[in-house]
Amino acid sequence: MITFTLNGRTIETDAPATTRLLDLIRDEFELIGTKEGCGEGECGACSIFVNNLLQNSCLIPIGSIEGADIQTIEGIMETEQFKILDECYSIAGGVQCGYCIPGMVMASAALLSKHPHPSEEEIREGISGNLCRCTGYNMIVDAINLAAKKGDGIWQRK
């Protein structure tokens, strides 16, 4: 049995230790906000927090998460941080098809927790592990910049 916390809930699974965390999240727990894009850790669509660090869930075998604290996009949706990011992405027009957005929002939250007032260069570097085929990134950068201003003081991850 592998035991970990998923979005605040203690989970036990007897799935094979080599099962990708992405597959467990989507298939067993039906948390479909975490997407599979490339399956190789290059696109960021499957971004989650593992012990408060941004990770690509497609690269993580569940055998390595014993005792870990896992958060998906569904796990942060009720936070004030998410509400601000959601609003700012909408205002800036940072969402087009939406496929990359859960991972992009996770990367945005990770970035803002480290750099609450990031420069444009820090924003671009902070989201560099997440690919978007629709927006050209400028609107996403604008959204994160706006979120930094609107969410002053709330970006510390717990």
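Every residue gets a number counted from 1 within its own chain, in the order that chain's sequence is written. This being a predicted model, a pLDDT of at least 70 is required before a residue's local features are given, and a value of 80 or more before pairs of side-chain atoms are given or counted; all residues contribute to the totals for chains, interfaces and linings. Only hydrogens and water are removed before side-chain values are computed, so all heavy atoms of the structure are retained for them.

Draft legend 1. Here's a closer look at the pattern of salt bridges. Salt bridges, as used here, are contacts in which a Lys or Arg side-chain nitrogen is within 4 Å of a carboxyl oxygen on Asp or Glu. Within the structure shown, the criterion is met by four salt bridges. Between R20 and E36 there is a salt bridge, with the nearest N and O atoms lying 2.9 Å from each other. One end of the pair, R20, is in the loop between β2 (9-13) and α1 (21-28); the other, E36, is in the loop between α1 and β3 (47-50), and 16 residues separate them in sequence. Classification of E36 as partly exposed rests on a relative accessible area of 34%. Every helix listed is a DSSP run of H or I at least four residues long, and every strand listed is a run of E at least two residues long, numbered separately from the N terminus. When a residue's accessible area, from a 1.4 Å probe over protein chains only, is under 20% of the maximum for its type it is buried; when over 50% it is exposed; and in between it is partly exposed.

Draft legend 2. The arrangement of the packing of helix α3 (residues 80-92) against helix α6 (residues 138-150) in detail. In this description, a line fitted to the C-alpha atoms serves as the axis of each element, helices being fitted only across the stretch in contact, and the angle between N-to-C directions of two axes falls anywhere from 0 to 180 degrees. Taken N-terminus to C-terminus, the directions of α3 and α6 make an angle of 135 degrees; their axes are 8 Å apart at the nearest point. The pairing of α3 with α6 is recorded here as oblique in orientation. The way α3 lies across α6 gives a crossing that is right-handed. Each of I84, L85, E87, C88, Y89, I91 and A92 in α3 lies in contact with α6, whose residues at this interface are M139, I140, D142, A143, I144, L146, A147 and K150. Gly is put with the polar residues, along with every residue not named as nonpolar or charged; the nonpolar set is Ala, Val, Leu, Ile, Met, Phe, Trp, Tyr, Cys and Pro, and the charged set is Asp, Glu, Lys and Arg. Residue composition of the contact of α3 with α6, grouped by class: 12 nonpolar, no polar and three charged. Roughly parallel means an angle under 35 degrees; roughly antiparallel means over 145; roughly perpendicular covers 65 to 115; every other angle is labelled oblique. The sense of a crossing depends on the near helix, which, turned anticlockwise from the far helix by less than a right angle, makes the crossing left-handed and, turned clockwise, makes it right-handed. In what follows, residue pairs with any heavy atoms lying within 4.5 Å of each other are defined as contacts.

Draft legend 3. Just α3, in detail. Each helix should span, by expectation, one fewer than its residue count multiplied by 1.5 Å. When the terminal C-alpha atoms of α3 are compared, their 18 Å separation across 13 residues agrees well with the 18 Å that a helix rising 1.5 Å per residue should span. The set of residues buried in α3 consists of Q81, F82, I84, L85, C88 and Y89. Taken around the axis of α3, the buried residues stretch over an arc of 160 degrees, which confines them to a single face. Opposite the packed face of α3, turned more than 90 degrees from it, sit the exposed residues S90 and I91. Note that the arc is computed from the directions linking the helix axis to the C-beta atoms.

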